[in-house]
Amino acid sequence: MPGSADLIRRRRHREARRARSSLQKSRRGTILVFTVISLVFGLAAIGTAVVYSDLTRNLPSLNSLPMMLHPETGLLTSPTVITDRSGEVVLAELGAGVGYLPTEFSGLPQVSPELLDAFIAATDPGFWDHPGFYRTTLLQGKRDTIPLKLVSELLFWQEPEGPRRIIREGLMAAQVIAEFGREQVFEWYLNSANFGYEAFGLEAAARLYFGKSAGRLTLAEAAMLAAVAQAPDLNPFDTPELALARRDQTLRQMLNLGMISQEETESAVTSPPGIRSAPDEPIDKYAAFVNLVRSQVARTIPLEVLARGGLTIVSTLDVDLQSELYCTAETQLFRLGEGSAYLPEDCRAARFLPSLPASEMQTGAFSAEGVVLDPRSGQILALVSIDSEKGPAPSTGTHQPGSILTPYVYLTALTRGFSPGSLVWDIPAALTAGQAGSPNLDGKFHGPMRLRSALAGDYLVPALKLLSQFVPGNVWRTAALSGLPSLAGESAPLLLNGGALSLVEITHAYGALSTQGVVIGYADPTVLLDPTPLRPTAVIQVFDRGGRTWLDEGPPQARPVMSAPLAYALTNMLSDETARWAALGHPNVLEVGRPAGVKMGYTQDLSSVWTVGFTPQLALGIWLGEDRDGLQETGPLGAENGLKFDPRAAAGVWHAVLKFAASGFPPDGWTMPQGVSEIDVCDPSGELPTPDCPVVVREIFLQGNEPVHSDTLYKRIEINRETGLLATVFTPPSLIEARVFFVPPPEALSWAQQAGLDIPPENYDLVSRPPSPDPEASLMFPEMFAYVSGEIRIRGSAEGPGFQSYSVQVGQGLNPQRWLQLGDVSDTPVSGGELAVWDTSGLNGLYAVRLLVVRENNLVATHIVQVTVDNQPPELAVLYPLDGQSFAYPQESTITLQLSVTDNLLVQRVNVLLDGRLVRSLAQPPYALSLSLQPGEHELRVVAEDQAGNRTIVEQTVIVER
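Everything numeric in this text was worked out from a predicted model, so none of it was measured. (Residues numbered from 1 in each chain as written. Predicted model: local features only at pLDDT ≥ 70, side-chain atom pairs only at ≥ 80, totals over all residues. Heavy atoms only, no water.)

## Examining the environment of isoleucine 717
To keep it simple, the criterion reads: Starting at the N terminus, helices and strands are each numbered in turn, a helix being any DSSP run of H or I of at least four residues and a strand any DSSP run of E of at least two. The cut-offs for exposure are 20% and 50% of the maximum accessible area for each residue type, with area from a 1.4 Å probe on protein chains only; residues under the lower value are buried, those over the upper are exposed, and the others partly exposed. We call two residues in contact when some of their heavy atoms are within 4.5 Å.
Within the secondary structure, isoleucine 717 is located in strand β21 (residues 714-720). For isoleucine 717, a relative accessible area of 19% puts it in the buried group. Sequence-distant contacts of isoleucine 717, that is, excluding residues within four places in its chain, are made with Leu726, Glu737, Ala738, Arg739, Phe741, Val743 and Pro760.

## Examining the layout of surface pockets
Heads up, the rule is: Throughout, the protein atoms alone are placed on a 1 Å grid, and a set of points is a cavity if a 1.4 Å probe fits but cannot get out or a pocket if it is open with protein on both sides within 12 Å along at least five of seven lines; lining residues have an atom within 4 Å of a point. Grid points are joined across faces, edges and corners, and a volume is the space filled by probe spheres set on the points. Here the nonpolar group is Ala, Val, Leu, Ile, Met, Phe, Trp, Tyr, Cys and Pro; Asp, Glu, Lys and Arg are the charged ones; every other residue, Gly included, is treated as polar.
In this structure, the second largest pocket spans a volume of roughly 860 Å³. Along the lines of polarity and charge, the residues of the lining of the second largest pocket split into 20 nonpolar, 6 polar and 11 charged.

## Topic: the state of the cysteines
A disulfide bridge is the covalent bond that connects two cysteines by way of their sulfur atoms. Rules: Two cysteine sulfurs form a disulfide in these notes if their separation is within 2.5 Å.
Applying the stated criterion across every chain, the model contains 2 disulfides. A sulfur-sulfur distance of 1.9 Å marks the disulfide that ties cysteine 327 to cysteine 347. A torsion of 75 degrees about the S-S bond marks the disulfide between cysteine 327 and cysteine 347 as right-handed. Of the two residues, cysteine 327 sits in helix α14 (residues 319-338) while cysteine 347 sits in the loop between α14 and β4 (367-374), which places them 20 residues apart along the sequence. For the residue pair cysteine 327 and cysteine 347, the accessibility class agrees, reading buried in each case. With a sulfur-sulfur separation of 2.0 Å, cysteine 682 is cross-linked through a disulfide to cysteine 693. Residues cysteine 682 and cysteine 693 are joined by a disulfide whose S-S torsion is about 100 degrees; by sign, that bridge is right-handed. In this pair, cysteine 682 is assigned in strand β19 (residues 676-682) and cysteine 693 in the loop between β19 and β20 (696-702), connecting sequence segments 11 residues apart. A single burial state applies to cysteine 682 and to cysteine 693, both of which are buried.

## What to know about empty space enclosed by the protein
Going through the model one piece at a time under the given rule, you end up with 5 cavities of 30 Å³ or more. Approximately 110 Å³ is the volume attributed to the second largest cavity. Around the second largest cavity, the lining comprises 13 residues; the ones closest to its centre are Met68, Leu76, Val305, Gly309 and Trp550. For the lining of the second largest cavity, the class distribution of residues is 8 nonpolar, 2 polar and 3 charged.

## Some thoughts on the sheet that holds strand β16 (residues 597-602)
Spelled out, the test is: For two strands to be treated as a pair, DSSP must find no fewer than two bridges joining them.
An order of β6-β5-β4-β18-β17-β16 is seen for the 6 strands of this open sheet, with the pairing classed as antiparallel. Looking at strand neighbours, the two that pair on one side only are β6 (391-392) and β16, the edges of this open sheet. As paired elements, β4 and strand β18 (residues 619-625) share 7 bridges and run antiparallel to each other. By the bridge assignment for β18, glycine 370 is matched with isoleucine 622.

## Some details on the packing of helix α10 (residues 240-256) against helix α11 (residues 262-269)
When two helices pack together, their arrangement is given by the angle between the helix axes and by the axis-to-axis distance. Selection rule: Inter-axis angles, ranging from 0 to 180 degrees, are taken between N-to-C directions of lines fitted to C-alpha atoms, where helices are fitted over the stretch in contact. Oblique is the label for every angle not falling under 35 degrees (roughly parallel), over 145 degrees (roughly antiparallel), or within 65 to 115 degrees (roughly perpendicular).
Viewed as axis vectors pointing N to C, α10 and α11 meet at an angle of 175 degrees, and their least axial separation amounts to 10 Å. Here α11 runs roughly antiparallel to α10, going by the angle between their axes. Within the contact between the two elements, α10 uses Arg247, Asp248, Leu251 and Leu255 and α11 uses Gln262, Thr265, Ala268 and Val269. In terms of residue class, the contact of α10 with α11 is made up of 4 nonpolar, 2 polar and 2 charged.

## Some points on the pairing of strand β2 (residues 90-94)
Relative to β2, strand β1 (residues 80-83) runs antiparallel, the two sharing 4 bridges. Note that in β2 the partner of threonine 80 across the bridge is leucine 94. Between β1 and β2, which follow one another and run antiparallel, lie 6 residues, and glycine 87 among them has a positive phi close to 80 degrees.

## Considerations on the packing of aromatic side chains
Any pair of aromatic rings gets described here by the distance separating the centres and the angle formed by the planes. Let me state the cut-off plainly: Paired rings are identified among Phe, Tyr and Trp, the last through its six-membered ring, by centres lying within 6.5 Å, and are further divided according to the angle between planes into stacked (under 30 degrees), edge-to-face (over 60) and tilted (the rest).
Using the criterion set out here, one finds 15 aromatic pairs in the structure. Pairing tyrosine 209 with phenylalanine 237 gives two aromatic rings, centres 4.7 Å apart and planes at 50 degrees, and the pair type is tilted. With a gap of 28 residues between them, tyrosine 209 in helix α8 (residues 202-210) and phenylalanine 237 in the loop between α9 (219-230) and α10 connect regions that are remote in the sequence. What makes tyrosine 209 buried here is its relative accessible area of 0%. Taking relative accessible area as the criterion, phenylalanine 237 reaches 15% and is therefore assigned buried.

## Section: the packing of α8 against α9
Our working definition: Helix crossings fall into two classes, left-handed where the near helix is turned counterclockwise from the far one by less than a right angle and right-handed where it is turned clockwise.
One can describe the packing of α8 onto α9 by two numbers: an axis separation of 11 Å at closest approach and a directional angle of 115 degrees. With respect to α9, the element α8 is oriented roughly perpendicular. At the point where α8 passes α9, the crossing takes the right-handed sense. Contacts between α8 and α9 involve Leu202, Ala205, Ala206, Tyr209 and Phe210 from the former and Glu221, Met224 and Leu225 from the latter. Split by residue class, the contact of α8 with α9 holds 7 nonpolar, no polar and 1 charged.

In structure tokens:
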């Protein structure tokens, strides 16, 4: 057993080992802690460096401020100018442009110390002490120091708002103070501060509001300007009472800071404001165009930056064309207001103005607008707005489009199987519900016509009917995709009244027709549509006095919005001078001596009239009327309220300006593209000509939509020339006369009768018909004038005293020269039974069925009936939608079923079934029907049946996808 000494020694050894182990653990822990702490501080330092590097990356150069604000060469010490496309003619200046105002800090004291104190008190009382910003307010995002305001407004306006920008501004403010000193920073601020009404700098503000130099401002006036600089919208022109209250607040702040005495404060507070009247906005013939330039540039460069000065904006304006457009429109307004044929000597285009209608004189205020575009570049060459009483107006507006939109109704029709030669009807039955009378400009209905004639003559009834069939929302969606983004989401009919459209937008859209369906322009990111609409531009380039480019529109984008065949079809109709003769006569105001697509338009109450047209090189639009922006007139045509204009008044300006503007271009037209064919058709049906067609014309068709049926509007029909009734087999051949009649469909019969057209008689000639047949020698089936087809079992009676035999014969035509016997002669009497069987397969047209009953003594009893044999089933095609076509829900949940149904004789009915359920039975053309579809796959079944019972069935699938 070990001794106590050994035990103590061992215990001490164990305790020493434990101590060493504990110390080692402690040392390792300490090392770990220090390592972690070092790592954290290292990472923090690295993070801080990264953050600082990011915050200081690409900070504006300190030299930017002296470059902008040098008293003699500074970029901002001269106004911004807007020039024409040559850069030589100045159209307008933005900003006051009164030069640089030195302060006492520059050694050239031109302002009083009290004025400087007013700005210090109102803007930044701690200006002489802080490093450029206040830490607490900087973190809150406030720009409450003079250096912060200076760098924020001049150097950081392009950066997006947020914490990063405000911190960068603080860093820059501190550097500016350190580099240039507080006195220079204060002087730069006074010469660049925004005082509202495009007045930048103290001198400009003093002259604007008080009509004096800044060196002559009183204490009260200086205090007011110091307050305005903090909130330019609260200026004494727009908010005089609030501006006065803020002036007094600034004076009290100066008193509290010991800058002025109590007596000075009271004297200033009680002094009159001395504010001048707000200046009138300078308006000249360039005003509307200049404002458009400003708004377009402001999408990239804020107006406040533009108005500070130092920039040159090169516009797209053609000064010569602008002058001629303005003076021509002005001349037409004078003529309308004064009723005289005034013609200014210095206006070359006005010499082409046609004479006005004799009754076209207005009493009251009205306006005119005009725009000329280059559709190949998307550049606006001229833009004017004129008031009949005030002269040039500062801007163009939006107006009710009326019938200027009808080309987009017909464009929709073309995409759904129609062609320029398609038959449409201008008759009362085609009007929308509740419409009284004709909405056409002449107040008349014009009957059947090709779609070409309806568009060229601006006949509204066919357009209204098609618009209803296709559903307005679908039509305007097509128009929006074709260059009229303002119509996206529109669902109202618009062709009579309502809606709002700008002249620039509609003219730009028409211009796409001249470039074969391609819209050329520049993306407008302010319009949230997909795809982003392309707009025309009024701006070429923006650069500063140092030659640095701020904005360059560059080459335009080109976006196809319709196929070349569709664009050509519309252009071909709009440029067809002869098609307009029926409505406008010849010569007329729309004829300019060269190919030009053009359309007049008007609202139902004639408060707005339009003319928009184009050549391959130019697009030109004119609007004339009473300003009723946003009003929804719904009164009848010619309502007594308000002014009314003849559409030819606007067309006269279009005529004159286009003849002048296009004089330097060759008279080119448009070449027919692939996908368009040209064939002879019968007018007005647009079907293939027959020998009876009175007028044959050359018409274009989109390939695949050419007519395959012969004309049925004109038919040669045999009548009794004495009675004027339809001839029958009983009419003596010597009285039968064949004449060509106009054969309207049932819905047009009433109109045709009122129009006095030569339509066929409804009744048969029964004057020559023999007495009632012998009951024992009579035909019971088929009945007189029946329609039959297939195998016919002829029934009747052949019997009676002395009966020997009977036979049944058939002959073709009203007066058969040959008879064909059906079966053998029978010697068996029949009473109300089957007499013979007639197989009509392969036969069509008029036939006579004759029963001969032979009795004793060679007596013969005869009975004849006239029938129409029809073994030809109707021809049926679904024009829209296509089989298997898909639609997006809910945007395209309503579609318009378009059918082509023809028959050699007469269609009885067309049944439309959707998913096995009868939707509607259509008894007469046009065969169109709106279908509301839910998501999923749908089976469409269409059955066409003629009067003889022949049927044609078409089945197809339609898909609606979410």
